[in-house]
Amino acid sequence: MPPSPMDPRPNAKKDRIDSLASTAGESGGAATAVKDVHVGVAGKVKDTGGVSLIASAWARLRRNPVFLIGAAITLLFVLLALFAPLLAPHDPTKRMPELLANLSRSTNPVPGPQDGFPLGSDDFGRDLLSRLIGGARQTLIVGVFATLFGLTGGIALGTLAGAFGGWVDSLVMRVVDVMLSIPSLLLAVSIAALAPKPSQWTVIIAIAVVQVPIFARLLRGSMLAQRSSDHVLAARALGVKQSAIVFRHMLPNSLGPVIVQSTLVLATSIIDAAALSFLGLGNPDDRQPEWGQMLGAAQQYIQDYPHLAFYPAACIIVVALGFTLMGESLREALDPKSRR
């Protein structure tokens with residue numbers, strides 16, 4: 001039913017609108033002071049500022065206990081590796097006279113804990129705690145270098161496949177598929193066994209080769225998604241060179257998932273490095289302690305002195321767990337699909 005001519009409601013609404021408009025005009029362009037209204041003169045909405053992806057992810061990570069635990073373990077491991085010479089109570093490569101006095105190959109091949117040596121020694125009279133601390137540095141070096149080399153190779157192959165497509169993409173992906181069809185540890189063992197002399201670098205190279213196809217496939221998928229994005233299509237329409245499109249637009253926007261994946265791969269690299277050293281394919285010089293090497297050397301005493309294997313195994317598990325927790329949390333925080 002249309003309102004009656006005597007009904008004051010239409011005039012009341014009109015007067016209210018006129019009052020708001022005049023108030024906004026008299027305030028010199030300031031926004032109208034109405035609750036829950038943030039519209040200024042001429043209908044312009046106030047710019048309250050946005051939140052970047054990194055800031056949003058960090059806000060979620062700060063409240064994630066899984067990430068905090070993983071980050072704490074990782075930070076402790078890195079600090080322990082960096083300052084190992086200062087934190088180790090004794091020289092990990094030196095046979096201690098105090099321990100040698102109690103060492104007997106027939107009756108006491110592994111001296112137990114005593115004053116100044118809380119974990120005892122190994123079968124050569126060297127402080128076990130100092131060797132564990134020193135082994136953290138070697139483990140970090142192998143894991144970081146293997147991940148960096150694998151990341152570099154994966155970025156190179158993934159960029160070729162994702163940027164150019166066609167037969168280049170097919171060729172690179174067939175090589176990647178062949179490498180992924182072989183179990184990673186078996187492939188690493190095969191590569192390390194080809195070296196004429198085992199060393200720390202053979203372990204690094206073997207693990208790096210195994211990680212290359214993982215990064216290549218992930219980057220190639222991200223690059224293919226970027227090829228059809230609006231900013232890439234606009235750059236092509238403007239006549240930007242293909243190399244500039246690839247290295248200035250596609251590649252920088254595709255590296256996020258790859259960098260996050262590197263934290264997970266670092267945990268795998270540490271485990272694989274320990275496995276190769278355990279099998280005798282790592283550095284044969286036991287004067288440079290490494291957790292996998294210590295674990296392998298403890299096998300002859302595993303029945304009577306299981307602590308020689310327990311301590312390095314526990315270190316490997318805890319460090320790998322820290323990197324895994326941190327990597328999974330980063331991936332969830334940066335993935336829009338996982339946000340609630």
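As a starting point, this report considers the structure included with it. As the structure is a prediction and not an experimental result, all values here were calculated from the model.

**Considering the packing of aromatic side chains**
Thought 1: With the rule as written, the count across this model stands at seven aromatic pairs.
Thought 2: Consider the rings of Phe 77 and Phe 323, whose centres lie 6.2 Å apart with planes at 85°: the pair is edge-to-face. Of this pair, Phe 77 sits in helix 3 (residues 65–82) while Phe 323 sits in helix 13 (residues 307–334), and the two are 246 residues apart along the sequence.
Thought 3: Between the aromatic rings of Tyr 301 and Tyr 305, the centroid separation amounts to 6.3 Å while the plane-to-plane angle is 70°, which identifies the pairing as edge-to-face.
Thought 4: Tyr 301 sits in the buried class, given a relative accessible area of 14%.
Thought 5: With a relative accessible area of 17%, Tyr 305 lands in the buried category.
Thought 6: Here the aromatic residues Phe 77, Trp 291 and Phe 323 are joined through ring pairs into a cluster of three or more.

**Structural notes on the pattern of salt bridges**
Thought 1: Counted by the stated rule, this structure contains six salt bridges.
Thought 2: In this structure, Arg 126 and Asp 122 form a salt bridge, with 2.9 Å as the shortest nitrogen-oxygen distance.
Thought 3: One continuous salt-bridge network, built from bridges that share partners, spans Asp 122, Arg 126 and Arg 131.

Conventions and cut-offs
Residues numbered from 1 in each chain as written. Predicted model: local features only at pLDDT ≥ 70, side-chain atom pairs only at ≥ 80, totals over all residues. Heavy atoms only, no water. Phe/Tyr/Trp six-rings, centres within 6.5 Å; stacked < 30°, edge-to-face > 60°. Helix = DSSP H or I, 4+ residues; strand = E, 2+ residues; numbered from the N terminus. Buried < 20%, exposed > 50% of the residue type's maximum accessible area, 1.4 Å probe, protein only. Salt bridge = Lys/Arg side-chain N within 4 Å of Asp/Glu carboxyl O.

Just geometry here; none of it tells us what the structure is for.
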